[in-house]
Structures are given as structure tokens and as C-alpha cells.
Amino acid sequence: MKGSRGGALAAAALVGAVLLTGCAKPDRSEIVTWTDEHGRACTGVAIVDSEDGDREVSSIDCDYPPEGKQPGRSTSAPLPD
């Protein structure tokens, strides 16, 4: 009897956790571009935390623009589906 009661409590806790995480807004990803302090054009992938809006940028790629060209303005856009 004790074992089945503990199993039932564990199952109820698991179902509750699944229901609560199902209600949370998912994080989103964006492609961001910017010009760094050295004049390089940079692109990265930003993961935006749905809870507090913090961004974590990864996959950063920076390169100097071709001679005679200036980098464009900084942008942010959702990743394509």
C-alpha cells in the first residue's frame, strides 16, 4: 500500500510539473547584426529569455567590410521558420 501511494504522489508531481512548464512562453531566437568598436560588421544568434528578456548571443561572426564600403545599421530580426 505504501509503495503505490508514493508512486501516485510522484506521478501527480510529474503531471503538475509538465502542466506548469507547458504554460510558460518559449524562449525565442533572433539574428542580430552590429558594428563593433573596430569597424567590423558582426552577425550573431541571440536567444531571448521569455521570462526576463535577457539576451545571450552566440555563433558570432565578424569581418571587416570590403575596402571602400561601410557596414550597415545594426538590426535584429526573428530567425526564419
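Scroll up to find the structure this text is about.
Predicted, not measured: the structure shown is a model, and the values here were computed from it.

1. Quick notes on the pairing of strand β1 (residues 28–35)
Part 1 of the reasoning: In the sheet, β1 pairs with strand β2 (residues 41–48) via eight bridges, with the strands oriented antiparallel. Residue pairing across strands places Thr 35 opposite Ala 41, the latter belonging to β2.
Part 2 of the reasoning: In this structure, the hairpin formed by β1 and β2 is closed by a connection of five residues, where Gly 39 is found at a positive phi of approximately 85°.
Part 3 of the reasoning: In the sheet, β1 pairs with strand β4 (residues 75–78) via four bridges, with the strands oriented antiparallel. Opposite Val 32, over in β4, you have Ser 76 as the bridge partner.

2. A short note on the environment of Trp 34
Part 1 of the reasoning: Within the secondary structure, Trp 34 sits in strand β1.
Part 2 of the reasoning: Note: C-alpha distance between Trp 34 and Pro 71 (37 residues apart in sequence) is 8.3 Å.

3. Focus: the pairing of β2
Part 1 of the reasoning: Only one face of β2 is buried: it carries Cys 42, Gly 44, Ala 46 and Val 48, and the other face, with Ala 41, Thr 43, Val 45 and Ile 47, is open.
Part 2 of the reasoning: Across seven bridges, the pairing between β2 and strand β3 (residues 55–63) is antiparallel. Each residue of the ladder has a partner; that of Ala 46, found in β3, is Val 57.

4. Focus on the environment of Arg 73
Part 1 of the reasoning: Note on placement: Arg 73 falls in the loop between β3 and β4.
Part 2 of the reasoning: Each C-alpha atom, one on Arg 73 and one on Trp 34, is 6.9 Å from the other, the two residues being 39 residues apart in sequence.

5. Considerations on the sheet that holds β4
Part 1 of the reasoning: Taking strand neighbours across the sheet as the criterion, the four strands line up as β3-β2-β1-β4 in an open arrangement whose pairing is antiparallel. Edge positions in the open sheet fall to β3 and β4, since each of these has one partner strand only. Recorded for the sheet is a direction-independent mean angle of 20° between the axes of neighbouring strands.

Cut-off values and rules
Residues numbered from 1 in each chain as written. Predicted model: local features only at pLDDT ≥ 70, side-chain atom pairs only at ≥ 80, totals over all residues. Heavy atoms only, no water. Pairing = 2+ DSSP bridges. Helix = DSSP H or I, 4+ residues; strand = E, 2+ residues; numbered from the N terminus. Buried < 20%, exposed > 50% of the residue type's maximum accessible area, 1.4 Å probe, protein only. Axes fitted to C-alpha atoms, helices over the stretch in contact; angles between N-to-C directions.

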